[in-house]
Amino acid sequence: TITTQATTTASADIVLHNNDANFNPVVKFAGTSGKELAGNTNTDWSTGALTTYIIAKDEGTTENIAGLFATGAPGPGVVWVTGGTYQLDGNGCTSAPTTGKSLSQYRIIRATYTNGLNTNGGSMWVDGVKTADGTNCASVGGTGFEIGGRVFGSLPNRVFKGGIAEVISFRQGFSGNESQR
């Protein structure tokens, strides 16, 4: 349940494009410092398994780390990392880099955490193909979340530059059969 609604005015740095990803709407982020979408829930993100699906396209992100979906400070989430990979997010570390796919086109990204406090046992997937398993990288909890950035605390520059068409996050893991539905 989302417990906080938007409280600031619109920005030219975050723009809705109605017909961008396979004729579907996309939110475009300009990569401007401190410009991301943020909110809060009533449950800590690190209390169990977490599965997140994202449809995104990188369009020249320049920061060394930029959030697509971030929680806590930092909690479980998905970040873009220098070199053009998406990875599981942790506290001072990242894990399970995606490989072998150009990120300059829209991709379906799936990130799994079996335990919200660590990337161990988690995995990253791109377009339905598992690309990497998580290794030991701890995260911290919290109820906040961000889309298009990971700027909680004093990190205003960790903003994604590109399009995000969809973010769906489930507070559970999925079996192989469930993931194929």
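About the thresholds
Residues numbered from 1 in each chain as written. Predicted model: local features only at pLDDT ≥ 70, side-chain atom pairs only at ≥ 80, totals over all residues. Heavy atoms only, no water. Helix = DSSP H or I, 4+ residues; strand = E, 2+ residues; numbered from the N terminus. Rg over C-alpha atoms; globule rule 2.2 N^0.38 Å. Buried < 20%, exposed > 50% of the residue type's maximum accessible area, 1.4 Å probe, protein only. Contact = heavy atoms within 4.5 Å. Areas by Shrake-Rupley, 256 points an atom, 1.4 Å probe, with all protein chains shown as cover. Lys, Arg positive; Asp, Glu negative; His and termini not counted. Charge placed at Lys NZ, Arg CZ, Asp CG, Glu CD. Salt bridge = Lys/Arg side-chain N within 4 Å of Asp/Glu carboxyl O. Polar contact = N/O pair within 3.5 Å; in protein donor to acceptor, adjacent residues only side chain to side chain. Core = buried A, V, L, I, M, F, W, Y, C linked by side-chain atoms within 4.5 Å. Pairing = 2+ DSSP bridges. Phe/Tyr/Trp six-rings, centres within 6.5 Å; stacked < 30°, edge-to-face > 60°. Lys NZ or Arg CZ within 6 Å of the ring centre and 35° of its normal.

1. Details of the overall build of the chain
Then step 1. Along the chain, the regular secondary structure elements total one helix and 13 strands.
Then step 2. Scanning the chain from its N terminus toward the C terminus, one meets helices and strands in the order β-β-β-β-β-β-β-β-β-β-β-β-β-α.
Then step 3. Over its C-alpha atoms the chain spans a radius of gyration of 15 Å, differing by no more than 12% from the 16 Å that the globule rule assigns to 181 residues.
Then step 4. For the chain, the spread of C-alpha atoms along the three principal axes comes to 40 × 30 × 30 Å.
Then step 5. Taking all 181 residues of the chain together, the buried fraction comes to 44%.
Then step 6. Pairs at least 24 apart in sequence give 64% of the contacts found in the chain among residues at least 6 apart.
Then step 7. As displayed, the chain offers around 8,600 Å² of accessible surface, 50% of which is attributable to carbon and sulfur atoms.
Then step 8. The positive charge centre, built from 12 side chains, and the negative charge centre, built from 13, are 4 Å apart in the chain.

2. Some remarks on the side chain of Glu 146
Then step 1. Positionally, Glu 146 belongs in strand E12 (residues 144-147).
Then step 2. One buried charged residue, Glu 146, remains without a salt bridge, the closest side chain of opposite sign being Arg 150 at 6.2 Å.
Then step 3. In terms of polar contacts, Glu 146 uses its side chain to reach the backbone amide nitrogen of Val 151, at 2.9 Å.
Then step 4. Beyond its immediate chain neighbours, meaning those up to four positions away, Glu 146 contacts Glu 36, Leu 37, Ala 38, Leu 68, Phe 69, Ala 70, Val 151 and Phe 152.

3. Points about the nonpolar core
Then step 1. Counting residues in each nonpolar core, the largest one holds 24 residues, and the members touching the most others are Ile 54, Leu 68, Tyr 86, Ile 109, Met 124 and Ile 164.
Then step 2. Going through the elements one at a time, strand E4 (50-58), strand E5 (65-71), strand E6 (78-81), strand E7 (85-89), strand E9 (107-113) and E12 are the ones with two or more residues in this core.
Then step 3. In this structure Ile 109 touches Thr 52, Tyr 53, Ile 54, Ala 56, Leu 68, Val 78, Tyr 86, Met 124 and Trp 125, once residues within four positions along its chain are discounted.

4. A closer look at the sheet that holds strand E3 (residues 37-40)
Then step 1. Spatial ordering of the open sheet is given by E3-E12-E5-E6-E7-E8, a layout of six strands whose pairing is antiparallel. The two strands at the open ends of the sheet, each matched to only one other strand, are E3 and strand E8 (94-95).
Then step 2. Pairing of E6 with E7, which is carried by four bridges, proceeds in the antiparallel orientation. Residue pairing in the sheet places Val 78 in a bridge with Leu 88 of E7.

5. Considerations on the packing of aromatic side chains
Then step 1. Considering all chains together, one arrives at four aromatic pairs under this definition.
Then step 2. Look at Trp 45 and Phe 145: their rings are 6.2 Å apart centre to centre, the planes differ by 75°, and that puts the pair in the edge-to-face class. Taken as a pair, Trp 45 in the loop between E3 and E4 and Phe 145 in strand E12 lie far apart in primary sequence, 100 residues in all. Per residue, the accessibility class of Trp 45 equals that of Phe 145, and both read buried.
Then step 3. Through pairs of rings, three or more aromatic residues link up here, namely Trp 45, Phe 69 and Phe 145.
Then step 4. Note that Arg 171 overlies the ring of Trp 45, its terminal NZ or CZ placed 4.0 Å from the centroid.

6. Describing unusual backbone geometry
Then step 1. Here the phi dihedral of Phe 23 falls at roughly 70°; this positive angle occurs in a residue that is not glycine.
Then step 2. Checked against the element boundaries, Phe 23 lands in the loop between strand E1 (14-21) and strand E2 (24-30).
Then step 3. Positive phi, normally seen in glycine, also occurs at Ala 96, with a value near 65°.
Then step 4. Of note, Ala 96 is situated in the loop between E8 and E9.

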